[in-house]
Amino acid sequence: MSTRAIDRTRHCSSMAQVRQHIDALDDVLVPLLVERGGYMTQAARIKTEAAQVRDEARIEQIVQRVRARAAAEGGEPQVIEAIYRAMMEAYIAFEHREFARLVAEGHKQPQEESAP
Ligand SMILES: O=C(O)C(=O)C[C@]1(C(=O)O)C=C[C@@H](O)C=C1
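This structure is a prediction, so every number in the text was calculated from the model and none was measured.

Moving on: the overall build of the protein. Across its full length, the protein carries 3 helices and 0 strands. Ordering the α and β elements of the protein from the N terminus gives α-α-α. Relative to the 2.2 N^0.38 estimate, which gives 13 Å for 116 residues, the radius of gyration of the protein is 19 Å and therefore markedly larger than a compact globule would have. Oriented by its inertia axes, the alpha-carbon framework of the protein measures out at about 65 × 25 × 25 Å. Among the 116 residues that make up the protein, the fraction classed as buried is 19%. Nonlocal contacts in the protein, meaning residues at least 24 apart in sequence, comprise 73% of its contacts between residues at least 6 apart. Of the roughly 9000 Å² of accessible surface on the protein, a fraction of 57% belongs to carbon and sulfur atoms. Positive and negative side-chain charges in the protein, numbering 16 and 18 respectively, have mean positions lying 5 Å apart.

Laid out in structure tokens, this is it:
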């Protein structure tokens, strides 16, 4: 049986220790967030219209999924939900910038005008 994330938190006797553990976890988190961000570039490549960048149904699906995962790991679902909602807003802004960049660089086909 695997341990829950909350059970891997170590007891600390000083703020220096607390911050050492946080820095070590951030060294794991940041590369994963950068890798996750790379998929915004992939999504921006694949989506055909800027209006597709924000996908509310997918956002809500992710929120429900990570809330359940947080609870299973012994964490607070509302904390993880808040982090994910803020994080996805930042990724959506990035995906919009990537979409615009790919259009400007000529990597995306201009969309056909829809018939009147
Ligand atoms: O799944 C997508 O369509 C994505 O572009 C990825 C992502 C995400 O951060 O996971 C970002 C923007 C969308 O609003 C939904 C989800």
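Text resumes after the structure shown.
Below, the discussion takes up the site of the ligand. Residues in contact with the ligand amount to 14 residues; listed here are only the nearest, Arg36, Lys47, Val53, Asp55 and Glu95. A distance of 2.9 Å is found between an oxygen atom of the ligand and a side-chain nitrogen or oxygen belonging to Arg36. Within the backbone of Asp55, an N or O atom sits 2.9 Å from an oxygen atom of the ligand. Protein chains bury 88% of the 370 Å² of accessible surface belonging to the ligand in isolation. A majority-of-atoms criterion places the ligand in the second largest pocket. Contributing elements (two or more residues each) for the shell around the ligand: helix H1 (15-46), helix H2 (56-72) and helix H3 (77-104). The dominant element in the shell around the ligand, judged by the number of residues it contributes, is H3, at 4 residues. Considering only residue class, the shell around the ligand consists of 8 nonpolar, no polar and 6 charged.

Empty space among the atoms can be located by rolling a probe the size of a water molecule over them. Taken as a whole, the largest pocket spans an internal volume of roughly 1400 Å³. Counting residues per element, the ones that place at least two in the lining of the largest pocket are H1, H2 and H3. Among the elements that line the lining of the largest pocket, the one with the most residues is H1, at 12 residues. Residue composition of the lining of the largest pocket, grouped by class: 19 nonpolar, 4 polar and 8 charged. Of the volumes computed, that of the second largest pocket is approximately 270 Å³. In terms of lining residues, the second largest pocket is bounded by 15 residues, among which Met40, Lys47, Arg58, Ile62 and Glu95 are the most central. If you list the elements that add at least two residues to the lining of the second largest pocket, you get H1, H2 and H3.

Calculation criteria
Residues numbered from 1 in each chain as written. Predicted model: local features only at pLDDT ≥ 70, side-chain atom pairs only at ≥ 80, totals over all residues. Heavy atoms only, no water. Helix = DSSP H or I, 4+ residues; strand = E, 2+ residues; numbered from the N terminus. Rg over C-alpha atoms; globule rule 2.2 N^0.38 Å. Buried < 20%, exposed > 50% of the residue type's maximum accessible area, 1.4 Å probe, protein only. Contact = heavy atoms within 4.5 Å. Areas by Shrake-Rupley, 256 points an atom, 1.4 Å probe, with all protein chains shown as cover. Lys, Arg positive; Asp, Glu negative; His and termini not counted. Charge placed at Lys NZ, Arg CZ, Asp CG, Glu CD. Near = heavy atom within 4 Å. Polar contact = N/O pair within 3.5 Å; in protein donor to acceptor, adjacent residues only side chain to side chain. 1 Å grid on protein atoms, 1.4 Å probe; cavity = no way out; pocket = protein on both sides within 12 Å on 5 of 7 lines; lining within 4 Å. Sits in = over half its atoms within 2 Å of the grid points. Nonpolar A, V, L, I, M, F, W, Y, C, P; charged D, E, K, R; others polar. Points joined across faces, edges and corners; volume = space filled by probe spheres on them.

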